[in-house]
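So you can see what is in the structure, the chains are spelled out below.
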Amino acid sequence: MTQRALDSSGEQTPGPSRPGMIDAGAELDPVHPTEPPPPTHRPGGLTTAEVAERVARGEVNDVPVRSSRSLTEIVRANVFTRFNLIIGVLWVIMLFVAPIQDSLFGFVIVANTGIGIIQEWRAKKTLDSLAVIGEAKPTVRRDGVAAEISTHEIVLGDVVELGPGDKVVVDGTVAEADSLEVDESLLTGEADPVLKRPGDPVMSGSFVVAGGGAFTATKVGREAYAAQLAEEASRFTLVHSELRSGISTILKYVTWMMVPTAIGLIISQLVVKDNNFKDSVARTVGGIVPMIPEGLVLLTSVAFAIGVVRLGRKQCLVQELPAIEGLARVDVVCLDKTGTLTEGGMDVTEVRPLNGSDEAHVQQVLRTLGSSDPRPNASLQAIIDTYPAGDGAGWAVTDAMPFSSARKYSGAAFTEADGTASAWLLGAPDVLLPEGDPTLTEIEHLNEQGLRVLLLARARGELDAPDVAAGAAPTALVVLEQRLRPDAAETLKYFADQNVATKVISGDNAVSVGAVAGKLGLAGAENTLDARRMPTDPDEMATAMERHAVFGRVTPQQKRDMVAALQSRGHTVAMTGDGVNDVLALKDADIGVSMGSGSEATRAVAQIVLLNNSFATLPSVVAEGRRVIGNITRVATLFLTKTVYSVLLAILVVCSQVEYPFLPRHLTLLATLTIGVPAFFLALAPNKERAQPNFVRRVMRYAIPSGVIAAAATFTTYLIARHHYSGPGALEAETSAATLTLFLVAMWVLAIIARPYTWWRIGLVAAMGLGFLIVLVVPWLQDFFALKLVGTTMPWAAVGIAVASAVALEFVWRWVGRRFRA
C-alpha cells in the first residue's frame, strides 16, 4: 500500500509503506535544509506559561498518531464491498418475488458483516491500548526540570534531551552536544553516523548512536516535513500481504467469470424458458449467489483480527497486520545476543591487571571511566555498579568518547590526582590489541566459558586522534558474566523443532557468543565465525551464513548485509534486536522484531514489538501466523470449490436449456453446513505447519478439480432425475435428488480438508451431516427448504453418484498433490 503525507505546503507527497522508511522527496534536503537562525538556547527549557502560550497559538506537535483504522473506516470497509452490493441487489429482488426462506442468504451477509466489524473493532481497541504502552516518551526540559512527555505534547522551542538509541521526534537545532553522533540512514540511506555540534540541524526520523546532548525544537506538527512522514510510516497499516493480494486476485477472476455466466443464466431462465416468472427469478438468483465467495474475505479479516487480539493479550504489539503472516513464513531467525538471548544486565566477576599494573590504580581508572558517561551501556553500568564513583579522589574527566558499535570501544581522558594527564580506552580486546598478542590467548580461554571480556588500555596519544587505538598499552582485563534469559533455551528449541534456522549475530567476540549459545542448546553453536573474516561478496557471504550459526564482531552495516545475503538465497528472514546497532538490519529484514525496552529507533522500524521484553513470546507470534495462514488456505479451498461448481452448473444449465436445479434456500443450506459453519471453526483451529508461498496456486489446484467433480456429479443426478420423474412436483423431486448429491460431494471435500482428524474435527463433520439429515426427516423443515426425497430409486442413485465422486475426489487430490506441487 502506498501511503501519502502532507508536506508543509499542503501538497500530497508519496510516503513509504514500512515504518521508519522515510523518503524525504527530491525537492527537500531533509538533512541539510535551509534553516532560520537558531533560537537562543535556554538550558532550563520553556516555562509552564510559555508552553501554554504556544499551545494556544497552535505551535504544538499535534500530528495525529493512531495505530489503526477509525470505526467509520472499519464500517465502510466491511459494508461497502463489490460483492455486498451484488448480493444486496439480489436480496432486495428476492424479498419481492419469493418466500422469505429464499432470502436467507441476505441475512447471512448482514450477520457476516456485523461479525467482521465487531472483530476488527476489538482488534483496534487492543492495538490502540498497546500503542500507548509502546509510545516513545522523549525527555523534555521545562521550568528547569527534565521529564518524559508524549510526543504530541512537544511545543515549538522545547529543549529535548538526547541519548544513545533515542529517536529525534521533531525537527530542531542542536543546543548541546557531548560527542553526539546521529544516524540519518532512515532519511538518506547513508549508514555512517554524523557527528553533530551545537547549531547543526537534526531531523525527525534520525536517531542517536553515540554520545548525548539536547536540541531545541524548531518545527513541530505538520511543519516538520520529515516528522509527518515518520508518523505516516509508523502507522498500523494494511500493507502488502501475499494472502490478501492472493485473495484479491482470486476475487478479480471470479468477477470476470461471474458476469458473463450470470448474464447467460438470466437470459436462459427468463427468456428461453417460458415458466412462472417469480420461480424463474428465484432460480436465476439461486444460480448467481453461490458464485460469490462472500465469506472468504470476512473470514480472513476475522482470523487476522482475532490473531491481533490473542497476541495483544501476551503484550505483543503488531504494528502491521501482515507481520503475523510474514513471521509464519520465516525460515531463518537472526538473533542479537544482548537483550535477546541474555538479559540486559551484566556482572563484573573479575578484574585482572596486566603487565604489572597496580590493581588500586586500575580500579580508580574504571571508577572514573564510569562517571565519564552520563548514559552508560550495559557493560559500563556493570563496572559502575562494582566500582561506584565515590569522591573522585582528585581525578577529573577532561574528555570523553562514548561507546560506538562501529568502533567497538569507548574512552575518556583524565587529569589524575597527581596532575598526570592520561587517556584510556575500554572495549573489545581483539580490536584494541594487535593480532597475535599473547594476551589474546588468555582472553580466548575466558571467552570459551561464555564470559565477556573487555580490555582496559592506556592510549599513547590524544583521545580525539584518528588512530587513538594504535599502540594502546593493555592495562587490565574486565571479565563480565552475562545473565541468560531463562526462557531462551526453550525458544531456541521451538525454532529448531519447527525447522527454522537460528543465526546468532553479535558485536561481541565470536567464541564468547558461541559459548553462550551452546549453553542454551543452539545446534551448531560451536560453528562460529568472526565477521571481520566474513567475505564481502554477497554470494560468498550467503554461503557463509548458511554454513555457520554464530557470528561475532559484526558491525551494524554487516548485519544489514547478512540479512540481504540470506534474502538473496530465497530465505524469509526475521531479525530481532533492541539496540541502535540493530536498526539497519531490522529495517531491511522481512520481519523486524524489537523488544519493548529497546531504543526508540528500533521500536519505530520494527513490525512487531514485544512489550514484555520476552523473547519467549516469539513462538506465540509464529504459531499465530501459521494458524492464520494455514487455516485460511484450507478454508479458501472450500469457498472456491463452491464458486467453481456454481459457475459450471450455470454454464451447463445455459447450454442444456433446462431449469436451474436449485432455489436460493437450497444453496444457503448447503453453504451453511458444508462451508460457513465448518470454515469458521477450521479457521480458528491450531495449525503448526509453516506457511508456504504461492497461495493462489495452492488453493486453486484443489478447488478447480473438486468443483468440476461436484458440478459433474450434481448435473448428472439432475439429468437422470429429469428422466425419472414426471408430472406435478417433478421439478421439486429433481431438485431434492440433485441437492442430496451436491451435499454429499461437498461434505467429502470438507472431510478431506478437515484432515488430519482429531476428535473435534470428526465431531464437526458429523454434526454438519446430522444437520442435513434432520432437514430431510423433519416435515416442517422439508417444507421450509422445499426438500423431499421421492421414492427410493432416485435417492439411492444420487447417493451412488456421490460415492463414485468421493472416490474420484480422493484420487484427484492425491494425484494433484504429487503432480502440481506449489
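Up top you'll find the structure we're talking about.
Scope of this entry: the structure provided in the associated data block.

**So, the overall build of the chain**
Summing up its helical and strand segments, the chain has 27 helices and 23 strands in all. Taken across its 822 residues, the chain has 58% of its residues classed as buried. Intrachain contacts of the chain at a sequence separation of at least 6 include 73% that bridge at least 24 residues.

**A closer look at the pattern of salt bridges**
A complete count under the given rule lists 23 salt bridges for this structure. When the shortest N-O distance is used, the salt bridge between Glu624 and Arg310 registers 3.4 Å. In this pair, Glu624 is assigned in helix 21 (residues 618-656) and Arg310 in helix 9 (residues 294-313), connecting sequence segments 314 residues apart. A salt bridge links Asp497 to Lys493, with the shortest nitrogen-to-oxygen separation between them at 3.1 Å. Pair noted here: Asp497 and Lys493 are both in helix 15 (residues 488-497), with a separation of four residues, about one helical turn.

**As for unusual backbone geometry**
Between Arg755 and the following residue, Pro756, the backbone shows a cis peptide bond with an omega angle of -5°. Of note, Pro756 is situated in the loop between helix 24 (730-753) and helix 25 (759-777). Backbone geometry at Gln315 places phi at a positive 60°, although glycine is not the residue there. With respect to the helices, strands and loops of the structure, Gln315 is situated in the loop between helix 9 and strand 10 (316-318). A positive phi angle, close to 55°, is found at Gln657, a residue other than glycine. Mapped onto the secondary structure, Gln657 falls in the loop between helix 21 and helix 22 (664-683). Overall, the relative accessible area of 32% leaves Gln657 in the partly exposed class.

**A closer look at the packing of aromatic side chains**
Think of a pair of aromatic rings as described by two things: how far the centres are apart, and how the planes are tilted against each other in angle. Summed over the entire model, instances satisfying the criterion amount to eight aromatic pairs. Aromatic side chains Phe743 and Phe772 sit 3.9 Å apart centroid to centroid with 10° between the ring planes, which places their arrangement in the stacked category. Of this pair, Phe743 sits in helix 24 while Phe772 sits in helix 25, placing them 29 residues apart in sequence. A relative accessible area of 3% means that Phe743 is categorised as buried. Ring centres of Phe784 and Phe785 lie 5.0 Å apart, and the angle between their planes is 80°; on these two criteria the pair is classed as edge-to-face. For Phe784, a relative accessible area of 26% corresponds to the partly exposed category. Stacked on the ring of Tyr253, the Lys or Arg Lys252 has its end atom at 5.5 Å from the ring centre.

**Description of a nonpolar patch on the surface**
On the surface, a cluster of nonpolar side chains totalling about 440 Å² of accessible area is made up of Leu71, Val75, Val79, Phe80 and Trp121. Looking at the nonpolar patch element by element, the count peaks at three residues for helix 2 (residues 71-79). For Val75, the position within the fold is in helix 2. Since its relative accessible area comes to 31%, Val75 is described here as partly exposed.

**With respect to the nonpolar core**
The biggest cluster of nonpolar side chains holds 92 residues, and the ones touching the most others in it are Phe105, Ile632, Phe695 and Phe772. Considering every element that reaches this core, the biggest residue donor is helix 21, with 13 residues. Ignoring any residue separated from it by four or fewer positions in sequence, one finds Phe695 in contact with Glu242, Leu243, Gly246, Ile247, Ile250, Ile632, Thr633 and Ala636. In terms of nonpolar packing, the next biggest core, distinct from the first, is built from 38 residues, Ala323, Ala517, Ile591 and Val593 among them.

**Considerations on a negative patch on the surface**
A grouping of Asp178, Asp399, Glu462 and Asp464 is seen on the molecular surface, where their side chains present a negatively charged patch. With respect to the helices, strands and loops of the structure, Asp464 is situated in the loop between strand 16 (452-458) and strand 17 (473-484).

**Examining the packing of helix 15 against helix 21**
Look at helix 15 against helix 21: their axes get within 10 Å of each other, and the N-to-C directions meet at 30°. Classified by the angle their axes make, helix 15 and helix 21 are roughly parallel. Here Thr491, Tyr494 and Phe495 of helix 15 come into contact with helix 21, specifically with Leu618, Pro619, Val622 and Ala623. Taken together, the residues that form the contact of helix 15 with helix 21 break down as six nonpolar, one polar and no charged.

**Observations regarding the environment of Ala77**
In this fold, Ala77 is placed in helix 2. Taking the C-alpha atoms as reference points, Ala77 and Ile117, 40 residues apart in sequence, are found 8.8 Å from one another.

**Remarks on the pairing of strand 5 (residues 159-162)**
For a regular strand, the rule is simple: side chains alternate between the two faces of the sheet. Alternating positions in strand 5 separate into two faces, Val159 and Glu161 on one and Val160 and Leu162 on the other, with burial throughout. Pairing of strand 5 with strand 9 (residues 207-219), which is carried by four bridges, proceeds in the antiparallel orientation. For Glu161, the partnering residue across the bridge sits in strand 9 and is Ala214.

**Looking at the packing of helix 9 against helix 21**
Closest axis-to-axis distance for the helix 9/helix 21 pair is 10 Å, and the angle between their directions is 170°. As far as their axial angle goes, helix 21 and helix 9 are roughly antiparallel. Residues Glu294, Gly295, Leu296, Leu299, Thr300, Ala303, Phe304, Ile306, Gly307, Arg310 and Leu311 of helix 9 form the contact with helix 21, whose participating residues are Ser620, Val621, Glu624, Arg627, Val628, Ile632, Val635, Ala636, Phe639 and Lys642. Here the residues of the contact of helix 9 with helix 21 are counted per class, giving 12 nonpolar, four polar and five charged.

**Overview of the sheet that holds strand 18 (residues 501-505)**
Backbone-to-backbone hydrogen bonds join strands into a sheet, with any given pair of strands oriented parallel or antiparallel. Reading across the sheet, the eight strands line up as 10-23-22-21-11-18-20-19 and stay open at both edges, with mixed pairing between neighbours. Looking along the sheet, the strands with just one partner apiece sit at the ends: strand 10 and strand 19 (528-530). Neighbouring strand axes in the sheet, compared pairwise and without regard to direction, differ in orientation by 20° on average. Sheet analysis places strand 22 (residues 591-595) next to strand 23 (residues 608-610), joined by three bridges and oriented parallel. Each residue of the ladder has a partner; that of Val593, found in strand 23, is Ile608. Across the face of the sheet, helix 17 (residues 538-547) comes into contact with strand 18, strand 19 and strand 20 (550-552) while running at roughly 110° to strand 18. Sitting on the sheet, helix 18 (residues 556-568) is in contact with strand 11 (332-335), strand 18, strand 20 and strand 21 (573-577), with an inclination near 160° to strand 21.

**Digging into the pairing of strand 6 (residues 171-183)**
In this sheet, strand 9 lies alongside strand 6 in antiparallel orientation, the contact comprising 10 bridges. Bridging from a neighbouring strand, Asp183 pairs with Phe207 of strand 9. Note that strand 6 and strand 8 (residues 201-202) share two bridges and pair antiparallel. Across the sheet, the residue bridging to Gly172 is Val202, located in strand 8.

**Here's the deal with the environment of Leu667**
Relative to the helices and strands, Leu667 is located in helix 22. When the C-alpha atoms of Leu667 and Phe785 are compared, they prove to be 9.9 Å apart, with 118 residues separating the residues in sequence. Leu667 has contacts with Gly286, Pro290, Tyr660, Phe662 and Leu742, leaving out every residue within four places of it along the chain.

**Let's talk about helix 1 (residues 48-56)**
Among the residues of helix 1, those classed as buried are Glu50, Val51 and Arg54. The buried residues of helix 1 occupy an angular sector of 100° when the element is viewed end-on, so they sit on one face. Exposed residues pointing more than 90 degrees away from the buried face of helix 1 are listed as Thr48 and Ala56. The elements touched by buried residues of helix 1 are strand 3 (139-142). Following helix 1 by one or two positions, Gly58 has its phi on the positive side, about 85°.

**Comments concerning the environment of Ile86**
Here Ile86 is to be found in helix 3 (residues 82-97). Sequence separation between Ile86 and Ile288 is 202 residues, and the spatial gap between their C-alpha atoms is 9.5 Å.

Thresholds, definitions, all that
Within each chain, residues carry numbers counting from 1 in the order of the written sequence. Two thresholds apply to this predicted model, a pLDDT of at least 70 for residue-level local features and 80 or more for giving and counting side-chain atom pairs, whereas whole-chain, interface and lining totals are computed over all residues. Heavy atoms throughout the structure, all of them, feed into the side-chain values; hydrogens and water do not. Labels follow the DSSP assignment, with helices taken as runs of H or I lasting at least four residues and strands as runs of E lasting at least two, numbered in each case from the N terminus. With a 1.4 Å probe rolled over the protein chains alone, any residue whose accessible area is under 20% of its type maximum counts as buried; one over 50% counts as exposed, and the rest are partly exposed. Only heavy atoms enter the contact rule, under which two residues are in contact if any of them lie within 4.5 Å. A carboxyl oxygen of Asp or Glu within 4 Å of a side-chain nitrogen of Lys or Arg is what we treat as a salt bridge. Stacked, tilted and edge-to-face pairs are distinguished by plane angle, under 30 degrees for stacked and over 60 for edge-to-face with tilted covering the rest, among Phe, Tyr and Trp rings (Trp via its six-membered ring) whose centres lie within 6.5 Å. Only lysine NZ and arginine CZ atoms are considered, and such an atom sits over a ring when it is within 6 Å of the ring centre and within 35 degrees of the ring normal. Patch criteria: residues need more than 30% relative accessible area and no salt bridge. Like-charged residues are merged within 9 Å; nonpolar side chains of Val, Leu, Ile, Met, Phe, Trp and Tyr are merged within 5 Å. A 1.4 Å probe and the Shrake-Rupley method give the accessible areas. Residues count as covered only by the protein chains that appear here. Here, the term nonpolar core denotes a set of buried Ala, Val, Leu, Ile, Met, Phe, Trp, Tyr and Cys residues that are joined through side-chain atoms within 4.5 Å. All tallies of charge rest on Lys and Arg as positive and Asp and Glu as negative; His and the ends of each chain are not included. One atom stands in for each charge, and that atom is NZ of Lys, CZ of Arg, CG of Asp or CD of Glu. Simply put, an axis is a line fit to the C-alpha atoms, just over the touching stretch for a helix, and the angle between two N-to-C directions goes from 0 to 180 degrees. An angle below 35 degrees is read as roughly parallel, one above 145 as roughly antiparallel, one from 65 to 115 as roughly perpendicular, and any other as oblique. Classification convention: Asp, Glu, Lys, Arg as charged; Ala, Val, Leu, Ile, Met, Phe, Trp, Tyr, Cys, Pro as nonpolar; all other residues, Gly among them, as polar. Only strands that DSSP links by at least two bridges are regarded as paired with each other. Throughout, the arc means that of the directions going from the helix axis to the C-beta atoms.

Scope: geometric values only; no functional claims are made or implied.
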